[in-house]
Amino acid sequence: MNFIIGLPAVVPLHSAWLLLTEYRSCAFNSAGFESDCGSFDVIEGAGWARAGVVVLGGLGLLLVVAIDVVFPAAYGHRIRPWLLGMLVIPVPYLIAITSLALVG
């Protein structure tokens, strides 16, 4: 189940990667076009990346908490195996960036 959650998690993971690398100078700058942190395309790009992290990352986090913590606790299952299973969530993203690096 956690591997399936990893498929939509590709978007916030990639957005976070862009914020930490390509758009780092403007990622957390809210000055808009009055900023001196880079060109206009960097400022606009950082905006969609921030939205990807906040909106889709927040929804993904709620999904993970519901599936890995709330549901097992409600049915009396042990939580530890579910929490260890969360380690496979970034696997689809890692496969995607690895395959793109090999191809390109």
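Just so we're clear, the structure is a prediction, and the values are computed from it rather than from any experiment.

Q: Would you take a moment to explain the overall build of the protein chain for this structure?
A: Tallying secondary structure elements over the protein chain gives five helices and zero strands in all. Each helix and strand of the protein chain, placed in order from N terminus to C terminus, yields the pattern α-α-α-α-α. Split into buried and exposed, the 104 residues of the protein chain put 26% on the buried side. Taking as baseline every contact in the protein chain between residues at least 6 positions apart, the subset at least 24 positions apart corresponds to 53%. Carbon and sulfur atoms make up 73% of the accessible area of the protein chain, which amounts to about 7,100 Å² in all.

Q: Just to check I follow, could you spell out the side chain of Asp 68 for this structure?
A: Note that Asp 68 resides in helix H3 (residues 40–74). Of the side chains with opposite charge, Arg 78 comes closest to the buried, unpaired Asp 68, at an N-O distance of 13 Å.

Q: Would you explain the confidence of the model for the protein chain in this entry?
A: Of the residues in the protein chain, 77% reach a pLDDT of 70 or more, and the chain-wide mean stands at 79. Summarising per-element confidence for the protein chain, the mean pLDDT is lowest in H3 (78) and highest in helix H5 (residues 91–103) (91).

Q: Please clarify how the environment of Gly 57 should be interpreted in this entry.
A: Topologically, Gly 57 is positioned in helix H3. Relative accessible area serves as the criterion here: at 21%, Gly 57 is assigned to the partly exposed category. Distance from Gly 57 to Ala 16, taken between C-alpha atoms, is 9.2 Å for residues 41 residues apart in sequence. The contacts of Gly 57, once residues within four sequence positions are left out, are Pro 12 and Gly 52.

Q: Got a minute to help me understand helix H2 (residues 10–20) in this structure?
A: Along an α-helix, a turn takes 3.6 residues, which lines up residues three or four apart on a common side. Within H2, burial applies to Pro 12, Ser 15, Leu 18 and Leu 19. Angular distribution of buried residues about the axis of H2 spans 120 degrees; they occupy a single face of the element. Exposed side chains of H2 directed beyond 90 degrees from the buried face belong to Trp 17 and Leu 20.

Q: Is there a simple way to think about a nonpolar patch on the surface in this case?
A: A cluster of nonpolar side chains, contributed by Leu 61, Val 65, Val 69, Val 70, Phe 71, Tyr 75 and Leu 83, occupies part of the molecular surface with about 660 Å² of accessible area. Relative to the elements of secondary structure, Phe 71 occurs in helix H3.

Q: Where do I start with the side chain of Ser 15 in this structure?
A: Counting through the fold element by element, Ser 15 comes out in helix H2. If near-sequence neighbours (up to four positions away) are discounted, Ser 15 is found in contact with Trp 48, Ala 49, Gly 52 and Val 53.

Q: Explain the environment of Gly 58 here, please?
A: Position of Gly 58 among the secondary structure elements: in helix H3. Judged by relative accessible area, Gly 58 falls into the partly exposed class, the value being 29%.

Rules and cut-offs
Residues numbered from 1 in each chain as written. Predicted model: local features only at pLDDT ≥ 70, side-chain atom pairs only at ≥ 80, totals over all residues. Heavy atoms only, no water. Helix = DSSP H or I, 4+ residues; strand = E, 2+ residues; numbered from the N terminus. Buried < 20%, exposed > 50% of the residue type's maximum accessible area, 1.4 Å probe, protein only. Contact = heavy atoms within 4.5 Å. Areas by Shrake-Rupley, 256 points an atom, 1.4 Å probe, with all protein chains shown as cover. Lys, Arg positive; Asp, Glu negative; His and termini not counted. Salt bridge = Lys/Arg side-chain N within 4 Å of Asp/Glu carboxyl O. pLDDT = per-residue confidence, 0-100. Arc of directions from axis to C-beta. Patch = residues over 30% accessible without salt bridge, like charges linked within 9 Å, V, L, I, M, F, W, Y side chains within 5 Å.

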